[in-house]
Amino acid sequence: GDSVTQTEGLVTLTEGLPVMLNCTYQSTYSPFLFWYVQHLNEAPKLLLKSFTDNKRPEHQGFHATLHKSSSSFHLQKSSAQLSDSALYYCALRNTEGADRLTFGKGTQLIIQP
Amino acid sequence: DMKVTQMPRYLIKRMGENVLLECGQDMSHETMYWYRQDPGLGLQLIYISYDVDSNSEGDIPKGYRVSRKKREHFSLILDSAKTNQTSVYFCASSSGTGNTLYFGEGSRLIVV
């Protein structure tokens, strides 16, 4: 079955440094990959999703590139901001999966001044 | 105004009591979901509903059941709640394959 692995449970960074959150996946079919972000006491909401035509999605300074060869969809940002502190979920929906979204366990990102 | 609304937001129940969590959406989305969120475990799918009376088990359905009698409403029922069902429950909806999930604000359930 499908699975998503986020290796870091907690990432702590200083403001201004680059961010990279890891996401790898296993899927039988060609998947769509997503990043969802959840700020404290809020609902998860979509941050990015992969395209089928190899375009690199970007939003709020974050970007992610789908690498099918390495089954990865790492989230990156060049310079962290305090407001980026949140819980980040990588998720997968395969094209045969009848609307099911499989989430990783999440990475808590803490940005310190 | 795209919104998913969950009620109640906070609930304390005794072990063995029944629990009803309700979810509504105003986007006419066909597909709705119930997830639970636990620290270190992420979001786990309990049930998915493809439309009225078209429900399917997710990854952790045991101890739960659902009801969808109208497209805009999706309920999660716990018959005889257990302490290990203490969690935050999220409802979500989407308009189809490959599309965005819209989440509600969550319902925090404590079973004592």
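This is a predicted model, so every value here is computed, not measured.

Peer 1: Mind showing me how you'd approach the layout of surface pockets here?
Peer 2: A water-sized probe rolled over the atoms picks out the places where empty space is left. Here the largest pocket is characterised by a volume of approximately 590 Å³. Looking at the largest pocket, it is lined by 25 residues, and the ones nearest its centre are A:Q38, A:N41, B:Q37, B:V88 and B:R108. Mapped by element, the contributors of at least two residues to the lining of the largest pocket are β10 (86–94) of chain A together with β4 (31–38), β9 (87–94) and β11 (107–111) of chain B. Looking at the lining of the largest pocket, the element that brings in the most residues is β10(A), giving three residues. For the lining of the largest pocket, the per-class residue count stands at eight nonpolar, eleven polar and six charged.

Peer 1: Is there a simple way to think about the pattern of salt bridges in this case?
Peer 2: In a structure, side chains of opposite charge can pair up when their charged atoms sit close to one another. The full count for this structure, using the stated rule, is five salt bridges over all chains. For A:D84, the salt bridge goes to A:K77, with nearest N and O atoms at 2.8 Å. Residues A:D84 and A:K77 agree in their burial class; the two are buried. In this structure, B:R71 and B:D51 form a salt bridge, with 2.6 Å as the shortest nitrogen-oxygen distance. Linking B:R71 in the loop between β7 (65–70) and β8 (73–78) with B:D51 in strand β5 (residues 42–51), this pair joins segments that are 20 residues apart in sequence. On the accessibility criterion, B:R71 (31% relative accessible area) is partly exposed.

Peer 1: Which parts of the structure should I look at to understand the sheet that holds strand β1 (residues 4–7) of chain B?
Peer 2: Strand pairing in a sheet takes place through backbone hydrogen bonds and is either antiparallel or parallel in direction. Residues and elements named next belong to chain B. In spatial order, the strands read β1-β3-β8-β7; together these four strands make up an open sheet with antiparallel pairing. Across the chains shown, the open sheet's two edge strands, defined by having one partner strand only, are β1 and β7. The sheet shows a mean angle of 20 degrees between the axes of neighbouring strands, taken without regard to direction.

Peer 1: Explanation requested: the interface of chain A and chain B in the structure shown.
Peer 2: Interface size is commonly expressed as the accessible surface area that is lost when the partners come together. With 20 residues of chain A at the contact, the number on the chain B side is 26 residues. Counting the surface lost from both chain A and chain B, the interface buries some 1,800 Å², and carbon and sulfur atoms represent 48% of this. Area buried by chain A at its contact with chain B is led by A:R93, A:D99 and A:R100, which between them contribute 32% of it. If you look at where chain A meets chain B, you find zero salt bridges. Scanning the region where chain A abuts chain B turns up seven residue pairs in polar contact (both at pLDDT 80 or more). Residue contributions to the side of chain A that touches chain B peak at four residues, all from strand β5 (residues 31–38) of chain A.

Scoring rules and cut-offs
- Note that residues are indexed from 1 along each chain, following the sequence as it is written.
- Chain letters and ligand numbers both follow the written order, the letters beginning at A and the numbers at 1.
- Two thresholds apply to this predicted model, a pLDDT of at least 70 for residue-level local features and 80 or more for giving and counting side-chain atom pairs, whereas whole-chain, interface and lining totals are computed over all residues.
- For the side-chain quantities, the full set of heavy atoms in the structure was used; hydrogens and water were omitted.
- Within this scheme a cavity is a closed region of a 1 Å grid, computed over the protein atoms alone, that accommodates a 1.4 Å probe without allowing it to escape, whereas a pocket is open but has protein on both sides within 12 Å along at least five of seven lines; lining residues each have an atom within 4 Å of a point.
- Grid points are joined across faces, edges and corners, and a volume is the space filled by probe spheres set on the points.
- What counts as a helix is a DSSP run of H or I of at least four residues, what counts as a strand is a run of E of at least two, and both are numbered from the N terminus.
- Amino acid classes used here: Ala, Val, Leu, Ile, Met, Phe, Trp, Tyr, Cys and Pro are nonpolar; Asp, Glu, Lys and Arg are charged; the rest, including Gly, are polar.
- A pairing counts as a salt bridge when a side-chain nitrogen of Lys or Arg comes within 4 Å of a carboxyl oxygen of Asp or Glu.
- Relative accessible area decides the class of each residue, using a 1.4 Å probe on protein chains only: under 20% of the type maximum gives buried, over 50% gives exposed, and in between gives partly exposed.
- A pair of strands is labelled paired if DSSP reports no fewer than 2 bridges between them.
- Between N-to-C directions, angles cover 0 to 180 degrees, with each direction set by a line fitted to C-alpha atoms, over the stretch in contact for helices.
- In this analysis, two residues are considered to be in contact whenever any of their non-hydrogen atoms come within 4.5 Å of each other.
- Buried area: the accessible surface (1.4 Å probe) lost by two parts on joining, summed over both.
- Within 3.5 Å is the distance limit for a polar contact, defined as a pair of N or O atoms, with the added protein rule that one can donate a hydrogen and the other accept it, and that residues adjacent in sequence qualify only through two side-chain atoms.

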